[in-house]
Number of protein chains: 4
Amino acid sequence: MKALVYHGPGKKAWEEVPDAAIQEPADVVVRVDTTTICGTDLHILQGDVAAVTEGRILGHEAVGTVTEVGEAVTGFAPGDRVLVPAITKCGRCAYCQRGMPSHCQTVGGIGWIFGHLIDGTQAETVRVPYAETSLYAVPDSVTNEQAIFLADSLPTGYEVGVLAGQVRPGDTVAVVGAGAVGLSAILTTGLWDTNKFRLEKALEFGATDAVEVGPATVAEVIALTDGLGVDVSIEAVGYPETLLTAASLVRPGGSIANIGVHGTPVELPMQDMWIQNVRLTMGLVDTVSIPTLLKMVASGRIPAEKMGTHSFTFDQMDEAYDVFKNAAANSALKVVITPA
Amino acid sequence: MKALVYHGPGKKAWEEVPDAAIQEPADVVVRVDTTTICGTDLHILQGDVAAVTEGRILGHEAVGTVTEVGEAVTGFAPGDRVLVPAITKCGRCAYCQRGMPSHCQTVGGIGWIFGHLIDGTQAETVRVPYAETSLYAVPDSVTNEQAIFLADSLPTGYEVGVLAGQVRPGDTVAVVGAGAVGLSAILTTGLWDTNKFRLEKALEFGATDAVEVGPATVAEVIALTDGLGVDVSIEAVGYPETLLTAASLVRPGGSIANIGVHGTPVELPMQDMWIQNVRLTMGLVDTVSIPTLLKMVASGRIPAEKMGTHSFTFDQMDEAYDVFKNAAANSALKVVITPA
Amino acid sequence: MKALVYHGPGKKAWEEVPDAAIQEPADVVVRVDTTTICGTDLHILQGDVAAVTEGRILGHEAVGTVTEVGEAVTGFAPGDRVLVPAITKCGRCAYCQRGMPSHCQTVGGIGWIFGHLIDGTQAETVRVPYAETSLYAVPDSVTNEQAIFLADSLPTGYEVGVLAGQVRPGDTVAVVGAGAVGLSAILTTGLWDTNKFRLEKALEFGATDAVEVGPATVAEVIALTDGLGVDVSIEAVGYPETLLTAASLVRPGGSIANIGVHGTPVELPMQDMWIQNVRLTMGLVDTVSIPTLLKMVASGRIPAEKMGTHSFTFDQMDEAYDVFKNAAANSALKVVITPA
Amino acid sequence: MKALVYHGPGKKAWEEVPDAAIQEPADVVVRVDTTTICGTDLHILQGDVAAVTEGRILGHEAVGTVTEVGEAVTGFAPGDRVLVPAITKCGRCAYCQRGMPSHCQTVGGIGWIFGHLIDGTQAETVRVPYAETSLYAVPDSVTNEQAIFLADSLPTGYEVGVLAGQVRPGDTVAVVGAGAVGLSAILTTGLWDTNKFRLEKALEFGATDAVEVGPATVAEVIALTDGLGVDVSIEAVGYPETLLTAASLVRPGGSIANIGVHGTPVELPMQDMWIQNVRLTMGLVDTVSIPTLLKMVASGRIPAEKMGTHSFTFDQMDEAYDVFKNAAANSALKVVITPA
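Residues numbered from 1 in each chain as written. Chains lettered and ligands numbered in written order. Predicted model: local features only at pLDDT ≥ 70, side-chain atom pairs only at ≥ 80, totals over all residues. Heavy atoms only, no water.

### Observations concerning the overall build of chain A
Filter applied, for reference: Under the DSSP-based scheme used, a helix requires at least four consecutive residues in state H or I and a strand at least two consecutive residues in state E, with every element numbered from the N terminus. We take the radius of gyration over the C-alpha atoms and set the globule estimate at 2.2 Å times the residue count to the 0.38 power. Contact between two residues is taken to exist if any of their heavy atoms lie within 4.5 Å; hydrogens are not considered. Only the protein chains shown count as covering a residue, and every accessible area follows the Shrake-Rupley method with a 1.4 Å probe. Positive charges come from Lys and Arg, negative ones from Asp and Glu, while His and the chain ends are left out of the count. Positions of charges follow a simple convention, taking NZ of Lys, CZ of Arg, CG of Asp or CD of Glu.
For chain A, the count of helices and strands is 12 helices and 14 strands. For 340 residues, the compact-globule estimate of 2.2 N^0.38 gives 20 Å, and the C-alpha radius of gyration of chain A, at 20 Å, lies within 12% of that figure. Residue pairs at least 24 apart in sequence account for 72% of intrachain contacts in chain A once pairs closer than 6 positions are excluded. About 11600 Å² of surface is accessible on chain A, with carbon and sulfur atoms providing 52% of the total. Measuring between centres, the 21 positive side-chain charges of chain A sit 6 Å from its 39 negative side-chain charges.

Structure follows, in structure tokens:
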């Protein structure tokens, strides 16, 4: 088959590799019908993720069709249309049992293994370990172009942003960074859509280059609230500046929910913040909200398909990466990649 | 002045009484510009509330103008436009300090004293004890016809329904009883307005006579969810049947938030419910969300004025009670009562 | 093999039946080294649990040794010493993924299936479905006589009592009913052991016949607190009287955590309770706290073995039931049952 | 009267100043019977707190006797024995009503004003504004030497450490820094006293110079847990190193509760932490737990008096500061300062 293989910092190729195959009784092999690219893949390509070694197939998001099942698998069968989520989970370690498979102790101490610790989903086929506890059946009423964004972006915005930030009805919410994940936080907060002004503000705010966000912007957001700041401030970029901006927007007693993947330390102004009675949360997605999100997409409450702004085929993988890498210049949010 | 005086079960009169006057240094006297009637007033008139004795002026909701302040009052002055909320709070007992003035230990062990333990707001003037910690200034951008519903209905729906029920973005919510308080719960949940079908269902559901709610209705609501029930079921009526209906709608792991004022015991089917991992909450409003709600009304997020369906003047008090008592027949939600 | 078989209301026999055997790839067969009896088993024997049909092997608690594993099982092998908990869980349904396997949608809509929907643990061997996600390895430092109480009693007291009741450091806690589960709640609250007087009171309180608990007792407990009641009141019996007692002990704003299995409706005085701002929780154990509890037992923080007051061998099963059925008269808490 | 006056960085004097006097109707004047010194006072003396200007009387903790009350004060009378807490609260702003007077909008946007924005408690008398909502009556069964530590240290450890860190029964807790506040966190967690080893470890750990805490210590604490870290890690010092140590001790999914007052930014390793699903909380004490703590002290559950290791009289104020400033060398925790 063909797959996108990592060959060290800055190097990748869509090339011939052995087909994915069952290795353990709990494995399933999935033919990839739709995949996409995540910001983390760009980090990996820059050589920022040491655990990813040369030869690794990239990608951790897919919708596909089961082609083969291990002998321990009873819940899925060839032909099933499935969502392959970013998190693989054993379902039995202490973390999985608490509903926190982001730190599944069995699959690697961390639930994110595709395109990281094992071969990933930017490929014609992919082997899915612990398939019974990891895969999700996709209802007929949800398209591939919708489901693909439930593999990572939408549950991340919802779980790590909205839920960890403890957003409650009535809260004012700022989202710093209206990329795919920031938009996901906005989509899954949902509710505040009567408050058009603030949301449009947040969108516009996030759409600007993060470097350009300055003191005036902060003052403007503060002014939009009661002069104290928002109840929940969601960071959806992953740079020190954006986290500091998010922190500066929150009122005393509020929450800062960091979603962004950071590559460097952040110098937190604890001399000002210690007294603010705020909460800073952060974390990897658990993907346990996928059943809920699938229903919300199926019922039309979340127009997940809007996140896909550009489409490519497998053999345009390089072009897809180029467009996604320069998302702002290309007005791109997420790319949808399918077989020819 | 004139006021509505309770004269024992079934008897009341809009009659001449002594003017309200300062009694304690922390008192304020308010000229009532707008008042309304609450379901609790109907209960009192039926003789259901033993603590209300003959001669008591009824009512616990008002918007008005400060006419006189006690010598200990520095935060309000004659001429100030204020909201007199259902709850009076000392601001210093252990309950007030925890943000739970519904059980203020100073004003009577219970924060609801107007038209209950002291004279109330269905009068030309009213004495407000612990005024500094109890009254709220009304912003210019909020009208009397909006503010009056923040005295009780809206904070009750929001605090005792939405917040106690721990409604989170993404949850499905059923509201049993779309009267003033049920509608308040719907208004302050806000968000779920993309989910028209379910909300319309809830409205329609609540608008029917509670006695008519039958097994088919429950099955229909369950069918609208994932077959298990809603995440949060809000009871906003106060009868055994409606609480049992609310309880029957909730999924395992969900919340039942009782808002209704009950007059009789409720036979809870604990033989079925003990195993359901549900949470049943209940309580009196704290009104501590009023600052938040005032902002939401001022910004147009909550169209509070829609709750007032009928208007009357003070001398039409009897007619106002008649219309409100037969709310369903009169398509009434809340009445707005003002001086001539 | 021999097992305790249910033969309709009031009838049971320790008799010869076919050996437990692998039926599905995810099954494991466990040789039972220690089992015990639960109050629920007594209810079943009275014919109170309609789902239990004649011929069913009773029991849902065991510690044992793996003798055979299905071909899908990789996490356990013959010879492993394991805890068979009251809850069987698939690890992949929406409920299991949220950490709430008490309502596992796969194993039967309810996680409790042993001695209920499938054959149970009061037998020489038992088949454990979904074994990988259900069984727990028992550390060497935990004895069978300790581990057996982690199958149901201890996690029930901890999860359904202490955690659902949201007990926080500093809270005063009342436990109504100091049977095995009430004692488990006390053991896992742990902390309040400096407050000997109140705990001894609770123990003594619970040790009396529930029917004898009268108005004076309630007044005494209220007096022990600030006159308002306890922060958390845990019901650990399962009768209307005991739930009402628990409800009468709680302060405004507090929690009532029902652990008891109820067989009849409970007439809740909602006319008094609606205004109390309390929370009533109830539910089946999830057993997801077992890893935590195993560590607490291993480190000596929880003396689980103290719950076993009487020991029997398999062929004394009838005697074991008799002693447990008359627990108060026999000063019995839990019985420990082992092969000869 | 005499009071300790700040005269710029490094300069202070116990000198003659005008007596404290009623300025506003809600004021009370308190004769100081016991006061103490807080780490914050040391920061002020170093010139670190810009809002404190020359001429300010220092101190924000006192137990004393009411000598005079403003005309608006009805809840306290001359002769009353009272606790003057670190936080002054109006009881009516949105923050006070939510139970978060640490950010009282009326008294200064921040509830801490004694020895900061107005004259403080290291004086023979002190004026207490908003006295009715700020002062606490001290029960006869609580001594001055106990009550003085409820003005700041104990509620800080309990609210900002234990409660903000969401400590639950069964959790493992590490406290970095066993000074007065760290010890308060330990005292109010209470419960874990059966787990002597870990607590002694934490104490010993905190008693060492924070700079000496090295990688081996972290590894040792991690080893004491399940290899993943503690459930709640409480920082009670206020340096970058100690916050980073606290952060390194917590397990995935756990909480870091920062209590320390920081004077410089902290470079948080977000490149490692973003994926850990942790929560970092921080804030100023609200002191709303004082009623609960007073009861716990009165009942003997918290031996608050143990925090006072050294006693001084007013005219030994300089010596008291010297001992407290070199707390470690003097084996000092808190000093108790009284009139001659």
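Next, the rest of the story.
### What to know about the interface of chain B and chain C
Convention followed: Put simply, buried area is the surface a 1.4 Å probe can reach on two separate parts but cannot reach once they are joined, added for both. Think of a salt bridge as a Lys or Arg side-chain nitrogen and an Asp or Glu carboxyl oxygen that are within 4 Å of each other.
Each partner contributes to the interface: chain B provides 38 residues, whereas chain C provides 38 residues. Interface area for chain B against chain C, summed over the two sides, is near 3400 Å², with a carbon-plus-sulfur share of 64%. A per-residue breakdown of the area chain B buries against chain C is headed by M270(B), W274(B) and M282(B), which together make up 22% of the total. Applying the counting rule to chain B against chain C returns zero salt bridges.

### As for unusual backbone geometry
Residue and element names in this part refer to chain A. Our working rule: Residue exposure (1.4 Å probe, protein chains only): buried if accessible area is under 20% of the type maximum, exposed if over 50%, otherwise partly exposed.
At Y130, a residue that is not glycine, the phi angle is positive and equals roughly 45 degrees. Among the secondary structure elements, Y130 is positioned in the loop between β6 (125-128) and α3 (131-134). By relative accessible area, Y130 is classed as partly exposed at 24%.

### A closer look at the interface of chain D and chain A
Rules: Pairing of N or O atoms within 3.5 Å defines a polar contact, subject to two protein rules: one partner must be a possible hydrogen donor and the other a possible acceptor, and residues neighboring in sequence count only if both atoms are side-chain atoms. Residues are grouped as follows: Ala, Val, Leu, Ile, Met, Phe, Trp, Tyr, Cys and Pro are nonpolar; Asp, Glu, Lys and Arg are charged; every other residue, Gly included, is polar. Paired strands are those between which DSSP finds at least two bridges.
Listed per partner, the contact involves 38 residues of chain D and 38 residues of chain A. Surface buried jointly by chain D and chain A totals about 3400 Å² across both partners, of which 64% is contributed by carbon and sulfur atoms. The largest per-residue losses of area from chain D upon contact with chain A belong to M270(D), W274(D) and M282(D), which jointly make up 22% of the total buried on that side. Put simply, chain D and chain A have 19 residue pairs in polar contact (both at pLDDT 80 or more) between them. Among the elements of the structure, β10 (250-258), β11 (266-268), α10 (270-273) and β12 (279-282) of chain D are those that each provide at least two residues to the side of chain D that touches chain A. Of the residues belonging to the side of chain D that touches chain A, the class tally is 19 nonpolar, 14 polar and five charged. The sheet contact formed by strand β12 (residues 279-282) of chain A and β12(D) spans three bridges and is antiparallel. Bridge pairing in β12(D) places L280(A) opposite L280(D).

### Quick look at the relation of the copies chain B and chain C
This is how the line gets drawn: Superposition of the copies was done by least squares, using only C-alpha atoms of residues whose pLDDT is at least 70 in both.
When chain B is fitted to chain C, the best match, at an RMSD of 0.0 Å, comes from turning it 180 degrees and sliding it 0.0 Å along the axis. Each copy turns onto its partner about a two-fold axis. Residue E267(B), judged by its C-alpha, is the member of chain B lying nearest the rotation axis, at 2.0 Å. In this assembly the copies share their binding face: 100% of the residues contributing to the interface of chain B also contribute to that of chain C.

### Examining the pairing of strand β4 (residues 62-69) of chain A
Pairing geometry for strand β3 (residues 28-35) of chain A and β4(A), over seven bridges, is antiparallel. In the strand pairing of β4(A), T35(A) is matched with A62(A).

### Focus: helix α6 (residues 180-189) of chain C
Burial analysis of α6(C) places eight of its 10 residues in the buried class, which makes it a mostly covered element. Among all positions in α6(C), only A180(C), G182(C), L183(C), S184(C), A185(C), I186(C), T188(C) and T189(C) are buried.

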